[in-house]
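Summary of structural features
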Amino acid sequence: MPKMTGAKYLAQAIHGYGLSHIFYMPYIMPLSILEMDKLGVKAVQSHGEKAAAYMADAYARVRRSPAMVMSQSVGAANLAAGLQDAYLACSPVIAMTGRERYFHQRRHSYQEVDHVQPFAAVTKYQATVHTADTLPQYLRQAFRSAVSGTPGPTHLDLENIAGEVIAEGELDADLIIEQQFKQVPPFRPIADAGTIVKALELLSGASKPVIVAGGGVTASGAREELIALAEKLSIPVATALNAKAMFPADHPLAVGTPGNYSRECSNRILCKADLVFFIGSHTGGQLTLDFRIPPQGTPVIQLDINAEEIGRNYAVEVGLQGDVKASLDAMIKVAQQGQDRTKWLTEVRQLVSHWKEGVEKHWNSDIAPLRPERICRELSEHMPSDTILVSDTGHSGVWTGTMLDLKHPTQSYIRCAGSLGWGLPAALGAKCAAPDRPVLCFTGDGGIWYHIAEIETAVKENLHVVILVNN
């Protein structure tokens, strides 16, 4: 086995897992960053740990693969706070922090605080790496855990404030890159055939079914399968914000986004449904208007890769545990053509049309300053066909989620899962992930100020993004 420093091993591993960029706040593993540079891995330095975490979050979501963010010990708590969005959005971000030497801990060392508890709230897995020779084992597990099941952040705490013990230490180890864990999902289990039959029987017998597609559809890359199943069974489709790009906005079965950041018609339709099929959805409070839409007691089918999510918020008639893409494909193959639902589909289209008629005057308004509905309409009409739209939270999420339509299947939409100000640094991370695609950040006069210093990062790193501020 070759002998090398921990710094070199980490750089080679990051390169081997296919990461083109990492995001960091100095001073952390500088020797490793130098080694990464030799391999063509770009280290993007932000103006704050939270901004670096937001960049990594968007990078991971756009690529559907792991991302890495790093900071020294004193910035660890800031970094943990920044991981909240990646955690809520099920984004596979691997965080690495320096840590005061073990012998100095709990002795009031300078700037020393506990790292375990802050990161425990926002990660799936964390470990402390005390020596260079243990790095390979913990690093592989951090990648495995980040992308497996429901994706999410992981954390490695490296010995010494900037990880010097790991960087400078030597290890004898072969570089092992587990190819399966370079992307989301690493496995595609198919839901049990018996439960698929039961689910299809329920869907076939329902008079007013609705599909609700969640972020798991996006993570699985199941857009085509979702459309195919909906068309075959003649079932309207509502999309969570995290699945906004997964169903054509102009499709006759499209319902829009339900919940808090919603179209009124979407909520009305779900309240009328006699069966709801949640696909890759946590059935969370924002999507369901605090677990009220659809009303509790509505018959539910739920498909998720993570079995413990099934039935969490709605009791299920049938639970399907499996990868969304693979399981929907299996359903399509055995499903019979859907029953004639002309009456239900006519009612759904009337509700959608009525809502659109109600906002038409705002979409077309010429008043100054511009109404946000008009801004969204213009973006819908003129964004390039491969645009990545990055939406901040709050009103930015409301406007883009409800009033903006994606016209092309090659457009993407990622949105903030919780922390105002996420939009600008996330747009930079998205651009790093897809340098050849146009990236548009939609933020507001509140959100832009949180991390406005990252405009300097965009200039320094030559990241050409469009930033729209809805003031």
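My aim in this report is to walk through the structure given alongside it, one point at a time. (Residues numbered from 1 in each chain as written. Predicted model: local features only at pLDDT ≥ 70, side-chain atom pairs only at ≥ 80, totals over all residues. Heavy atoms only, no water.)

Here we look at the overall build of the chain
In terms of helices and strands, the chain carries 18 helices and 18 strands. Compactness check: the chain gives a C-alpha radius of gyration of 23 Å against a globular reference of 23 Å for 471 residues, within 12% of the reference. Based on the C-alpha atoms only, the size of the chain along its principal axes is roughly 70 × 60 × 40 Å. Here the chain holds 471 residues, and the buried ones make up 58% of them. Expressed as a percentage of contacts within the chain between residues at least 6 apart in sequence, the contacts between residues at least 24 apart total 74%. Summed over all atoms, the accessible surface of the chain reaches about 19000 Å², with 52% contributed by carbon and sulfur. (Helix = DSSP H or I, 4+ residues; strand = E, 2+ residues; numbered from the N terminus. Rg over C-alpha atoms; globule rule 2.2 N^0.38 Å. Buried < 20%, exposed > 50% of the residue type's maximum accessible area, 1.4 Å probe, protein only. Contact = heavy atoms within 4.5 Å. Areas by Shrake-Rupley, 256 points an atom, 1.4 Å probe, with all protein chains shown as cover.)

Points about the nonpolar core
Within the largest apolar cluster, 75 residues are counted, with the highest numbers of intra-cluster contacts made by I22, M68 and M70. With residues up to four places along the chain from it excluded, the contact list for M70 reads L10, I22, F23, Y24, M25, I28, M29, M36, L79 and M96. Core analysis: the second largest hydrophobic core is formed by 74 residues, L233, I375, M383 and M403 among them. (Core = buried A, V, L, I, M, F, W, Y, C linked by side-chain atoms within 4.5 Å.)

Details of the sheet that holds strand β5 (residues 93-99)
Each strand in a sheet pairs with another by means of backbone hydrogen bonds, the pair being arranged parallel or else antiparallel. Read across the sheet, six strands follow the order β3-β2-β4-β5-β7-β6 without closing on themselves; strand pairing throughout is parallel. At either end of the open sheet lies a strand with only one pairing partner, and these are β3 (42-45) and β6 (125-129). Taking each pair of neighbouring strands and ignoring which way they run, the sheet shows an average axis angle of 20°. (Pairing = 2+ DSSP bridges. Axes fitted to C-alpha atoms, helices over the stretch in contact; angles between N-to-C directions.)

So, the environment of E49
Relative to the helices and strands, E49 is located in helix α3 (residues 49-63). A residue is classified by how much of its surface remains accessible, and E49, at 12% relative accessible area, is buried. For the pair formed by E49 and M25, sequence separation is 24 residues and the distance between their alpha carbons is 5.9 Å.

Some remarks on unusual backbone geometry
Here V184 and P185 are connected by a cis peptide whose omega angle stands at -10°. Omega for the bond connecting A368 with P369 falls within 30 degrees of zero, at -5°, which places this linkage in the cis form. Positive phi outside glycine occurs at L289, with the angle close to 50°. Summarising the element assignment, L289 is placed in the loop between β12 (275-279) and β13 (300-304).

Side note on the pairing of strand β14 (residues 318-321)
The two faces of a sheet get side chains in turn, since along a regular strand they alternate between them. The alternating pattern of β14 places V318 and L320 on a buried face, while none of G319 and Q321, on the opposite face, is buried. Bridge count for β13 against β14 is four bridges, and the pairing is parallel. Looking at the pairing, Q302 lines up with G319 of β14.

So, a nonpolar patch on the surface
A grouping of W449, I452, I455, V459, I467 and V469 is seen on the molecular surface, where their side chains present a nonpolar patch of about 550 Å² in accessible area. Elements with a contribution of two residues or more to the nonpolar patch: α18 (454-461) and β18 (466-470). You can call V469 partly exposed: its relative accessible area is 38%. (Patch = residues over 30% accessible without salt bridge, like charges linked within 9 Å, V, L, I, M, F, W, Y side chains within 5 Å. Salt bridge = Lys/Arg side-chain N within 4 Å of Asp/Glu carboxyl O.)

Some words on the packing of helix α1 (residues 6-16) against helix α6 (residues 135-147)
Across the interface, α1 lies against α6 with an axial gap of 11 Å and an inter-helix angle of 25°. Classed by the angle they form, the pair α1 and α6 counts as roughly parallel. The chirality of how α1 crosses α6 is right-handed. In contact with G6, Y9, L10 and A13 of α1, α6 contributes L135, P136, L139 and R140. (Parallel < 35°, antiparallel > 145°, perpendicular 65-115°, else oblique. Left-handed = near helix turned anticlockwise from the far one by under 90°.)

Section: the pairing of strand β17 (residues 439-444)
Taken across its six residues, β17 has six buried, putting it largely inside the fold. Judged by which residues are buried, β17 turns out to be covered on both faces: V439, C441 and T443 on one side and L440, F442 and G444 on the other are all buried. When strand β15 (residues 388-391) meets β17, the two strands line up parallel, connected through four bridges. Across the sheet, I388 pairs through a bridge with V439, a residue of β17.

Describing the sheet that holds β15
Taken together, the four strands give an open sheet; going across it, the order is β16-β15-β17-β18, and neighbouring strands pair in parallel fashion. Each edge of the sheet is formed by a strand with only one pairing partner; in this case those strands are β16 (412-415) and β18. Taking each pair of neighbouring strands and ignoring which way they run, the sheet shows an average axis angle of 20°.

Quick notes on the environment of A193
Relative to the assigned elements, A193 resides in helix α8 (residues 193-205). Separated by 248 residues in sequence, A193 and C441 place their C-alpha atoms 43 Å apart.

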